[in-house]
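# Remarks on the overall topology
The residues making up each chain are set out below.
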Amino acid sequence: MVIIIRRSVSNRKYDQLEVKDKFTEIFDKSPIGILIYDKKGKLIDINQSARNIRMSYKLEDILDKNIFDNPNIAPIKEKLFKEGFIEFQVPLNLRNIKDDDYDNSKTSDPFLINWIVSVTDSGFLVQIQDINKYKTSEKTLKKSDEKFHMFFEDDLTGDFIATPKGKIIICNPSFVEIYGFDNNEKALKSEISDFNPNDWINLINMIKIECKIKGHQSWHRRPDGKLIHVVANLVGIFSDSGKLTHVKGYIFDDTDRKKAEEFLQASEEKYHRLFDEDLTGDFIATIEGEILECNPAFAEIYGFNNRELASKSNISKFNSFDWPYMITRLRKERKLQGFQSWQRRSDGMRIHVVANLVGIFNDSDELIKVKGYVFDDTDRKKAEEELTRSKHQMTEILDSIQDGFIALSQYWHFIYVNRCAAEYFGVEYEDIIGQNLWETFPKLIATIYESSFRRAIESQEIQHFDVIGLHNPDHYFDFTVYPSADGISVYWRDITDRKK
């Protein structure tokens with residue numbers, strides 16, 4: 001604080017303190033307390049800041065108080081006159097003021113006051129300042145700094161400050177651990193730009209433009225050669241001229257999550273590849289039958305030109321009777337295997353499908369979706385029906401003739417027996433199908449039946465023989481044995497009349 005005082009030329013005495021107008025406002029509003037004393041040490045003026053520091057009292061009560069009544073100044077009076085300037089810090093002491101001049105309750109907590117006392121031509125200038133708030137701010141700053149360092153050291157994120165070239169200036173233990181250093185000293189000798197040079201160059205160029213980067217992902221190679229994936233938040237530190245001077249960063253080791261993500265992505269790609277290339281018609285539908293997803297094979301099976309059209313269809317329309325039945329069973333059984341159904345394609349063509357169906361249930365155990373795998377079984381089904389029809393037709397023909405006919409496998413099991421042959425053996429044909437000839441009719445062993453049957457298989461030549469009936473000896477029968485790779489077929493007819 002500079003106070004300009006004009007001395008009277010006539011008597012060279014200071015009758016009054018004359019302050020220039022331009023400093024009046026500074027004097028009144030200065031945050032530093034200012035007290036002005038005359039040559040005799042009597043207080044002649046005090047500003048508002050000083051009054052606030054010295055507690056509340058009336059100005060007229062303290063005017064004319066002597067500066068050397070202050071117990072902190074009196075002992076150093078000689079030093080003050082000798083050096084012209086003293087500075088000290090002491091708790092506020094108002095013992096030179098009567099007790100009824102100020103409120104004691106406001107001085108229960110001592111204030112630390114910084115005093116600057118100067119000798120001037122007109123007397124004494126005292127500047128006082130409450131430095132408790134600065135001490136408090138200093139303590140708060142110290143605590144904040146300690147707290148910052150605690151968070152910095154304990155942070156699981158790798159925190160660092162580096163130069164634009166990548167030289168590490170400071171880093172925390174997590175940074176050391178993430179990049180595989182043995183200690184902090186080795187980390188400080190490294191350059192983060194070495195972990196991915198091209199990526200660091202790009203980051204620096206981006207920071208110069210954007211000032212900060214959030215959630216940047218990249219692969220880094222640690223000094224020990226291990227490849228890690230990191231996610232970083234970076235902030236640029238710039239000089240007053242706008243030049244990038246440092247980079248502050250926060251790095252998280254994301255390797256495990258990234259590998260899991262890549263594995264999942266690879267699995268999904270593999271699944272979609274198998275899904276798309278599967279010859280089985282795969283689909284997911286609502287319980288109402290609306291297709292939510294399907295593969296190309298499904299579209300082809302049901303006669304759609306592409307998967308998009310198939311995805312807009314409703315599978316329940318292909319067989320309106322079977323779908324409600326399948327849904328009912330899925331609610332109870334949760335899955336169906338090998339379900340067969342005739343269905344009508346989108347183009348009206350009739351197809352036979354075999355389906356495996358799995359129910360998808362919510363947390364309340366309610367069926368919400370159906371996952372299915374459909375195979376077009378039309379050709380096999382038609383062949384099967386044709387074979388069945390042929391077998392039925394052959395059976396009708398063989399059963400209608402009055403001659404006996406049987407078919408035996410190479411292991412002598414009955415494959416087919418017509419009605420006339422069953423009567424010849426005296427059994428029901430259902431009872432001997434699949435049974436062994438020699439075990440079922442042991443009396444045929446060591447007879448012309450056995451020798452002729454075995455000779456036909458061994459020589460692969462047709463055999464003929466005549467015998468009397470097994471259960472009707474009055475009748476004669478002519479047997480013909482036809483060999484094949486799978487066994488023999490035996491045909492016989494009644495020749496009794498011819499014999500007679």
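Before going into details, it helps to say that this report is about the structure given with it.

## Quick look at the overall build of the protein
For the protein, the count of helices and strands is 18 helices and 20 strands. Here the protein holds 500 residues, and the buried ones make up 37% of them. Of the contacts formed within the protein by residues at least 6 apart in sequence, a portion of 42% connects residues at least 24 apart. Split by element, the accessible area of the protein, about 30,800 Å² in all, is 51% carbon and sulfur.

## Quick word on the packing of aromatic side chains
Inspection of the entire model under this criterion finds 30 aromatic pairs. When the ring of F181 is compared with that of F195, the centres are 6.4 Å apart and the planes differ by 50 degrees; the resulting orientation is tilted. Of this pair, F181 sits in the loop between α6 (173-178) and α7 (184-188) while F195 sits in the loop between α7 and α8 (197-210), placing them 14 residues apart in sequence. A relative accessible area of 6% means that F195 is categorised as buried. Each residue in the set W412, F414, Y424, F425, W438, F441, Y449, F453, F465, F477, F479 and W492 is aromatic and connected to the rest through ring pairs, giving one cluster. The side chain of R334 reaches across the aromatic face of F361, ending 3.9 Å from its centre.

## Some thoughts on the sheet that holds strand β10 (residues 244-253)
The 5 strands are arranged β7-β6-β10-β9-β8 in an open sheet whose pairing can be described as antiparallel. Because the sheet does not close on itself, it has two edges, and the strands there are β7 (168-171) and β8 (212-221). Geometrically, the sheet is characterised by an average inter-axis angle of 30 degrees between neighbouring strands, direction not taken into account. Across 9 bridges, strand β9 (residues 227-238) lies against β10 in antiparallel orientation. Of the residues in β10, the one forming a bridge with L234 is G249. Packed on one face of the sheet, α8 meets β6 (158-162), β8, β9 and β10 and runs near 175 degrees to β8.

## Digging into unusual backbone geometry
Here the phi dihedral of W412 falls at roughly 70 degrees; this positive angle occurs in a residue that is not glycine. Along the chain, W412 turns up in the loop between β16 (404-409) and β17 (414-417). With a phi close to 65 degrees, A446 is a non-glycine residue in the positive phi region. Inspection of the secondary structure puts A446 in the loop between α16 (437-440) and α17 (448-459).

## Section: the sheet that holds strand β15 (residues 367-376)
Taken together, the 5 strands give an open sheet; going across it, the order is β12-β11-β15-β14-β13, and neighbouring strands pair in antiparallel fashion. Strands with a single pairing partner mark the edges of an open sheet, and in this sheet they are β12 (291-294) and β13 (335-344). Taking the axes of each pair of neighbouring strands and ignoring which way they run, one obtains an average angle of 30 degrees across the sheet. Most of the contacts of helix α12 (residues 322-333) go to β13, to which it runs at about 175 degrees, and overall it touches β11 (281-286), β13, β14 (350-361) and β15. Across the sheet, helix α13 (residues 378-400) touches β13, β14 and β15, and the angle it forms with β13 is around 80 degrees.

## Regarding the nonpolar core
Within the largest apolar cluster, 26 residues are counted, with the highest numbers of intra-cluster contacts made by F283, I291, F298, Y302, I315, W323 and L357. Among the elements of the structure, β11, β12, α10 (296-301), α12, β13, β14 and β15 are those that each provide at least two residues to this core. Here this core takes 5 residues from β14, the largest share from any one element. The residues contacting I315, other than those within four sequence positions of it, are F283, G289, I291, F298, Y302 and W323. Of all hydrophobic cores here, the second largest spans 25 residues; its members include F414, Y449, V481 and V490.

## Brief notes about the side chain of N114
Within the secondary structure layout, N114 lies in strand β4 (residues 112-120). The exposure class assigned to N114 is buried, which follows from its relative accessible area of 8%. Side chain to side chain, N114 and E87 meet in a polar contact 3.2 Å long. The contact partners of N114, leaving out residues within four places of it in the chain, are E87, F88, Q89, Q127, I128, Q129 and I131.

## Comments concerning α13
Spanning 23 residues, α13 covers 32 Å between terminal C-alpha atoms, matching the ideal 33 Å at 1.5 Å per step. Among all positions of α13, only T378, K381 and L398 are buried. Packing partners of the buried residues in α13 comprise β13, β14, β15, β16 and β17.

The rules behind these values
- Residues numbered from 1 in each chain as written.
- Predicted model: local features only at pLDDT ≥ 70, side-chain atom pairs only at ≥ 80, totals over all residues.
- Heavy atoms only, no water.
- Helix = DSSP H or I, 4+ residues; strand = E, 2+ residues; numbered from the N terminus.
- Buried < 20%, exposed > 50% of the residue type's maximum accessible area, 1.4 Å probe, protein only.
- Contact = heavy atoms within 4.5 Å.
- Areas by Shrake-Rupley, 256 points an atom, 1.4 Å probe, with all protein chains shown as cover.
- Phe/Tyr/Trp six-rings, centres within 6.5 Å; stacked < 30°, edge-to-face > 60°.
- Lys NZ or Arg CZ within 6 Å of the ring centre and 35° of its normal.
- Pairing = 2+ DSSP bridges.
- Axes fitted to C-alpha atoms, helices over the stretch in contact; angles between N-to-C directions.
- Core = buried A, V, L, I, M, F, W, Y, C linked by side-chain atoms within 4.5 Å.
- Polar contact = N/O pair within 3.5 Å; in protein donor to acceptor, adjacent residues only side chain to side chain.
- Expected span 1.5 Å × (residues − 1).

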